[in-house]
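Inside the fold
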Amino acid sequence: MKPEVLEKIKRNYLNIQDEYKTHYRRVQRLEMLEQHPLVQEYLQLKEELATSSIAKTIRESRLDSAARAFAAHAGSIKVTNYIFVCLGTYIDSVKYDNPGGSGNYQVEYNHPDAEYRIYADIEKPIFHSIKIPISFCSEFEKTHRIIYLKKFYSECEFYDLQDQFFLDAIEVGQEEAIKRVLAKSKN
């Protein structure tokens, strides 16, 4: 082998040895730091939080937390403030334009062929919604506080409104939460 090639090999070998020594010093320093009580506490807490379900809860948004709290206690809500969200005006799809279909066909609020509206109490799960024939809707809307969604019914919009209501009730009290949610209504 030529001397210049051997010299390149030697330099490369020395560089590799330097990298190894640097790595070894870092490993030794890490092991020394891991013996420090504060570092040990840090590592233990980090491991506990990585596997803890509470850590997941902490990362949730306030709205998600309010929604989870509501879901856990929804069955115990017997008396509400009777604030209803109008989930839409409907025609039976079989009668409208989809004879092979079934279920609800949402139409504009004042559609002349409308058959019923669906309302959900803001303090109840959505599956407790009620179906009111159009002929009784005017009376129902006069005797209850109604919030009208800004667009055609969307479960997400109802849930967002509900989550915000419960978060407000938790953080600023029920009366203020009622004022805030009613301010979102057309009325």
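Residues numbered from 1 in each chain as written. Predicted model: local features only at pLDDT ≥ 70, side-chain atom pairs only at ≥ 80, totals over all residues. Heavy atoms only, no water.

Turning our eyes to something else, we now look at helix α5 (residues 134-143). One turn of an α-helix holds 3.6 residues; hence residues three or four places apart share an orientation. Those residues of α5 that fall on the buried side of the exposure criterion are Cys137, Phe140 and Glu141. All buried residues of α5 project into a common sector of 95° when viewed along the axis, lining one side. Residues of α5 that are exposed and angled more than 90 degrees away from the buried face: Ser135, Phe136 and Lys142. On its buried face, α5 is in contact with β1 (83-92), β3 (116-121), β4 (130-133) and β5 (145-148). (Buried < 20%, exposed > 50% of the residue type's maximum accessible area, 1.4 Å probe, protein only. Helix = DSSP H or I, 4+ residues; strand = E, 2+ residues; numbered from the N terminus. Arc of directions from axis to C-beta. Contact = heavy atoms within 4.5 Å.)

This part is about a nonpolar patch on the surface. On the surface, a cluster of nonpolar side chains totalling about 350 Å² of accessible area is made up of Met1, Leu6 and Ile9. The topology assignment puts isoleucine 9 in helix α1 (residues 3-34). The exposure class assigned to isoleucine 9 is partly exposed, which follows from its relative accessible area of 46%. (Patch = residues over 30% accessible without salt bridge, like charges linked within 9 Å, V, L, I, M, F, W, Y side chains within 5 Å. Areas by Shrake-Rupley, 256 points an atom, 1.4 Å probe, with all protein chains shown as cover. Salt bridge = Lys/Arg side-chain N within 4 Å of Asp/Glu carboxyl O.)

This part covers the nonpolar core. Counting residues in each nonpolar core, the largest one holds 21 residues, and the members touching the most others are Val85, Leu87, Ile122, Phe165 and Val181. The set of elements that each furnish at least two residues to this core consists of β1, β3, α6 (155-172) and α7 (174-182). Once residues lying within four places of it in the same chain are set aside, the contact partners of phenylalanine 165 are Ile122, Glu123, Ala177, Ile178 and Val181. Counting eight residues, the second-largest nonpolar core is a separate cluster that includes Tyr119, Ile132, Cys137 and Tyr148. (Core = buried A, V, L, I, M, F, W, Y, C linked by side-chain atoms within 4.5 Å.)

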